[in-house]
Structure formats: C-alpha cells, structure tokens
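Chain by chain, the residues:
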Amino acid sequence: MKRRTFLKYTAAAAAGFHVLPRHVLGGPRFVPPSEKVNIALVGAGGQGRTNSRVLFHEPDAQIIAMADPMDSFSLENFYYRGMGGRGPVKAEIEKHYGQSTPNFRCAEYVDFREMLEKEKAIDAVLCATPDHLHAYVSVVAMRHGKHVYCEKPLTHNIREGRVVARVAKETGVATQMGNQRHATDGLRRTVEVLRDGAIGPVTEAHAWVPAGRWNPGLRGLPEGTPPVPDGLNWDLWLGPREHRPYHPAYVPVAWRDFWAFGCGAMGDFGCHDLDTIVWAFDLKAPDTIEASPAGFMNDDIAPYGEICYFQFPARDGRPPLKVTWYSGGLRPPRPAGLPESVSLARRGAMYVGEKGLLLTSGGTEMQLFPAELAAAYEPPEPTLPRTEGHHREWLDAIKGGPATESNFAYAAQLTEITLLGLVALRADVQCQWDAEAMKVTNFPNADPVIQGAYRAGWEVE
C-alpha cells in the first residue's frame, strides 16, 4: 500500500471508520477513487497513439510505460497521419504529462513482457497491437493482475476469444474492448428503440462499411526480401506467427490485409458495425453462415470486400433473424417503401420489421419509415446507462465501479460472431455451426481457422 493510502486509512480506522478499497481486501488490484490509474501502452502505432490522446483528457489516468517492437515509422500514407512507434509516441506522452509533472518520464520497452516484470506500478494495460497479438497480450496482462483494454477485434480466432473471456472471469480484472461507438448515446438509443418494438418484430438486419484492402492490387504474399528497417524487432513483431521475411506491405497498418496478422475489412469493422445488432437482439450463435468475397482472395490475403449472411434462430418470442454484412463498397438493395429522396448512407445499417424500417448512418443518426410510423412513435425512456466515454467506463470499473458494457464477456461473443463470417468466407461453404463443440459440422477443414496456430512459447491458453 502506498504511504499516503496507508495514512489515510489508518486515520479513518482511528476515527472509528473501516472503509477499505477492494484491492486492499484482496483479489484483483482495484485502484482507490482518490488515486490515478497507472497505464501501460502495448502497441504504439496509430491506434495506440489515438488511445493515448483520449487518455490525456482523463485527469485520474496517466501512461507511465509503453512497449512496441518498432521505434519509429511514418503513418502519412494512412488515415492516422504523423508518426508512430515508441519514440514519437513516448515524446508525445512525456510532453503532455510534463506540463503538470516536471521531468515526467514514460518507461520505454521493446518487449511488453519485460515491461510487466519490471514496472510494478502498472495498474492497467491498453493493448493496441495488430490483431494476431491481442489475445496473447491480454491473457499475459490479466494473469499479471492488470486491468485490460484491448482494441477490436478482441481476438484473431474464435478459440482465443473463449480463452480471453475465461481468463477475464477467473482474474476478475476490469476489461473493455475498444469498439468506441458502443459508448455513444446514438448507438444506445438505437438499441433501446429496437428493443421497444418501434418497427415491430425484426426479421432482417443489414450493416455495411466502405472499407477495402490497403494493398488492393496484391494477389497473395508480397515478393522480395527488403532489409528490416533499423529500430524494428521483426521477430518480436511476428510474435506467435512462424517466421517470414519482412516486407513493408505488412507494416504499419496494412497487416490487416493478411490472414496471418489481421482479419480484413470485416475483422476491422465488424465489432463496430454489428455491435448494435448483437446488443439489441442479444444474439448468440447463428445456425448457418455463408459468405462470398468481392475481389481476389486466397489462403494468404483477404478480399477487397465481402458479403456475409448469418441466420439466427427464433429466440425468446422473437422471429428468426437474417443478418447481412457488406464491405468494400457493397450495400443492400433499396427496400420497398423507402422514399426516393432517402439515400443509403456510405456506412450504415438497416433493420426490417413487420411495421416498418429503421435506418442508421454511422451508427448515431436514426430514421424511421414510413413517415406515419415515425410521426406516431413515442421513444421510450432510456433503459441503458449513459456514459462519459468508452475509456471513462473502463477507468471507473478499475476503481471499483460497474463493469464496462463492452467487457470481455460481451466482447468475446460479438467478436465470435464477426469471426464466424470470416470462417465462412475462407471455407467457401454454407457453414453449419455447433457453438458448444466450437465446430463447423459440415466442414472439418475449418478447424485451423477456428483454432489458430502458434510458435512455441506464444501459445494462448
């Protein structure tokens, strides 16, 4: 216990009060409300830098350590812009906290495991690595007793998702997956309206994003063996994957195109844009999943886009639900009854009910059709808690507050549904899913995609 904490609670006991923080009583290391949460950043690329900048606005959080196998790299060719890597992100962290704490220093490591062994003051870990490292980093951090925020998708394969959810439950730490729109009022309002039956029982749901490939012209693995840049520990970056030559087509950001490291456009956006559907209808396992690529794909590289169909059974008095996912610029056909003046958003969702349609744009703006239905409908009072931010939810949970809404139990289920779309895409058959056995019953060859493969020492168990 820190000296100031010891003195505070000793004084309280002397006065006849016996109020102790949860971490003093034993179990997970929860942080008293009066103290700052010491956070370690694992992954200092564009999304790691973005998360850091959000945490800068939380006065009771501070980033005290960071780890990344890359020292410095340009993000100018990607939507992040600027520079990423340990050097640039550390400089930004130290500049921010140095304004209030002169000579503030953020500890810097290449290997996050060394960081966890040496930096005992760390309370929590924020994982913003490529997808193939999410599960490994999260499990190691949780078993060190650290609270964990992990970017989406929570894991790279379905088995990992179940392991991560189990370890989160066993350790009791505060968890959050980085599907940031989950915390917005607009998304939560849409969930409430759908649950309220605004358009009647829903039989179809559609979600679409414009995202495609970062390497649109590539037809498999990149050719050539350029030298590994100075400041990059390529073997560590590969982590659980078998060795392959370095190539700039992989790093930074464009690793999403390759099955070994990422999950394509669906893996990138599914946990954002399927979130409302899964949350509103409490979706569990689909019966069948079928998918087709848009553009070239093979066993190494994801397609430019895809269309995927999930069939969920009837449940709790609700009818069967067909969910369709689109990426790469694909969108659903215009439904009958939608006014000609209304265009489908570039990124959006559509829900088809027995009484009408609900459209969303970007997950926040909502419209009901037909017009007479919208005019007569009275939205319900809020039933879901509102939040001051996705990261704020996590920090409050670390301090003993309620569990986050996108905790690893929920996040693993949402991620599993998303990844089932990729299983079907790569299997190229209509997959019959046995959730209990974690198997595609009509295509045993899907097992490697479901289970994953690991180098010795990098297993996720």
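Because the structure is a prediction, the values reported are computed rather than measured.

Chemist: Is there a simple way to think about the sheet that holds strand β1 (residues 37-42) in this case?
Modeler: Two pairing modes exist for strands in a sheet, parallel and antiparallel, and in both the strands are linked by backbone hydrogen bonds. In spatial order, the strands read β5-β2-β1-β6-β7-β8; together these six strands make up an open sheet with parallel pairing. Strand pairing shows two members of the sheet lacking a second neighbour, β5 (107-109) and β8 (175-178), which therefore form its edges. Across this sheet, the average inter-strand angle for adjacent strands is 25°, counted without regard to direction. Of the strand pairs in this sheet, β1 and strand β6 (residues 124-127) are connected by four bridges, and their pairing is parallel. When the bridges of β6 are listed, Ala40 appears paired with Val125. Most of the contacts of helix α3 (residues 86-98) go to strand β2 (residues 61-67), to which it runs at about 160°, and overall it touches β1, β2 and β5.

Chemist: I tried to follow the state of the cysteines on my own but got confused; where do I start?
Modeler: Here is the idea: a disulfide is a covalent bond, and it sits between the sulfur atoms of two cysteines. A full pass over the atoms with the stated rule returns zero disulfides. Of all cysteine sulfurs, the one in Cys127 lies closest to Cys106, which takes part in no disulfide; the gap is 16 Å. Lacking any disulfide linkage, Cys127 is separated from the closest cysteine sulfur, that of Cys150, by 4.1 Å. Accessibility expressed as a relative area gives 0% for Cys127, which makes it buried.

Chemist: Would you explain the side chain of His182 in this entry?
Modeler: Take His182: it is sitting in the loop between β8 and α7 (185-195). The class of His182 is buried, set by a relative accessible area of 0%. Not counting residues within four places of it along the chain, the set of residues in contact with His182 comprises Leu187, Arg188, Asp275, Trp279, His390, Glu405, Ser406 and Tyr410.

Chemist: Help me understand the layout of surface pockets, please; the structure alone is not making it clear to me.
Modeler: Any empty space left between atoms is shown by rolling a water-sized probe over those atoms. Looking at the largest pocket, its volume works out to about 610 Å³. Those elements that provide at least two residues to the lining of the largest pocket are α13 (408-427) and α14 (447-451). At five residues, α13 tops the list of elements feeding residues into the lining of the largest pocket. A breakdown of the residues in the lining of the largest pocket according to their chemical character gives 16 nonpolar, five polar and seven charged. Counted as a void, the second largest pocket has a volume near 220 Å³. Together, 17 residues line the second largest pocket, and Val173, Ala174, Thr175, Ala403 and Asn407 are the ones closest to its centre. Of all the secondary structure elements, the ones that give two or more residues to the lining of the second largest pocket are α6 (158-171) and α13. Considering each element in turn, the lining of the second largest pocket owes the most residues, three residues, to α6. When the residues that make up the lining of the second largest pocket are grouped by side-chain class, the tally is ten nonpolar, five polar and two charged.

Chemist: Help me understand the sheet that holds strand β10 (residues 288-294) in this model?
Modeler: Read across the open sheet, the nine strands follow the order β15-β14-β13-β9-β12-β11-β10-β16-β17; overall the sheet is mixed. Of all strands in the sheet, those bounded by a partner on one side alone are β15 (365-369) and β17 (439-440). One ladder, built from two bridges, connects strand β16 (residues 431-434) with β17; its direction is antiparallel. Bridging across to β17, Trp433 finds its partner in Val440. Against the sheet, α7 makes contact with β9 (202-208), β13 (348-353), β14 (357-361) and β15, and its axis sits at roughly 175° relative to β14, the strand it touches most. Seen against the sheet, helix α9 (residues 264-273) touches β9, β11 (305-312) and β12 (321-326) and runs at an angle of roughly 130° to β12.

Chemist: Is there a simple way to explain the environment of Arg386 in this structure?
Modeler: As for its placement among the helices and strands, Arg386 is situated in the loop between α11 (371-376) and α12 (390-398). Expressed as a C-alpha distance, the spacing of Arg386 and Thr184, which sit 202 residues apart in the sequence, is 7.9 Å. In this structure Arg386 touches Asp185, Arg188, Arg189 and Glu192, once residues within four positions along its chain are discounted. Here the side chain of Arg386 touches Glu192 through a polar contact of 2.8 Å, side chain to side chain.

Chemist: Can you help me understand the pairing of β14 in this one?
Modeler: One face of the sheet, then the other: side chains in a regular strand alternate in exactly this way. Counting buried positions along β14 gives four out of five residues, so the element sits mostly inside the fold. Taken together, the five bridges between β13 and β14 define a ladder with antiparallel strand orientation. Within the sheet, the bridge partner assigned to Val352 lies in β14 and is Leu357. The hairpin turn running from β13 into β14, its antiparallel successor, is three residues long. Taken together, the five bridges between β14 and β15 define a ladder with antiparallel strand orientation. Opposite Ser361, over in β15, you have Glu365 as the bridge partner.

Basis of the calculations
Residues numbered from 1 in each chain as written. Predicted model: local features only at pLDDT ≥ 70, side-chain atom pairs only at ≥ 80, totals over all residues. Heavy atoms only, no water. Pairing = 2+ DSSP bridges. Helix = DSSP H or I, 4+ residues; strand = E, 2+ residues; numbered from the N terminus. Axes fitted to C-alpha atoms, helices over the stretch in contact; angles between N-to-C directions. Contact = heavy atoms within 4.5 Å. Disulfide = S-S within 2.5 Å. Buried < 20%, exposed > 50% of the residue type's maximum accessible area, 1.4 Å probe, protein only. 1 Å grid on protein atoms, 1.4 Å probe; cavity = no way out; pocket = protein on both sides within 12 Å on 5 of 7 lines; lining within 4 Å. Points joined across faces, edges and corners; volume = space filled by probe spheres on them. Nonpolar A, V, L, I, M, F, W, Y, C, P; charged D, E, K, R; others polar. Polar contact = N/O pair within 3.5 Å; in protein donor to acceptor, adjacent residues only side chain to side chain.

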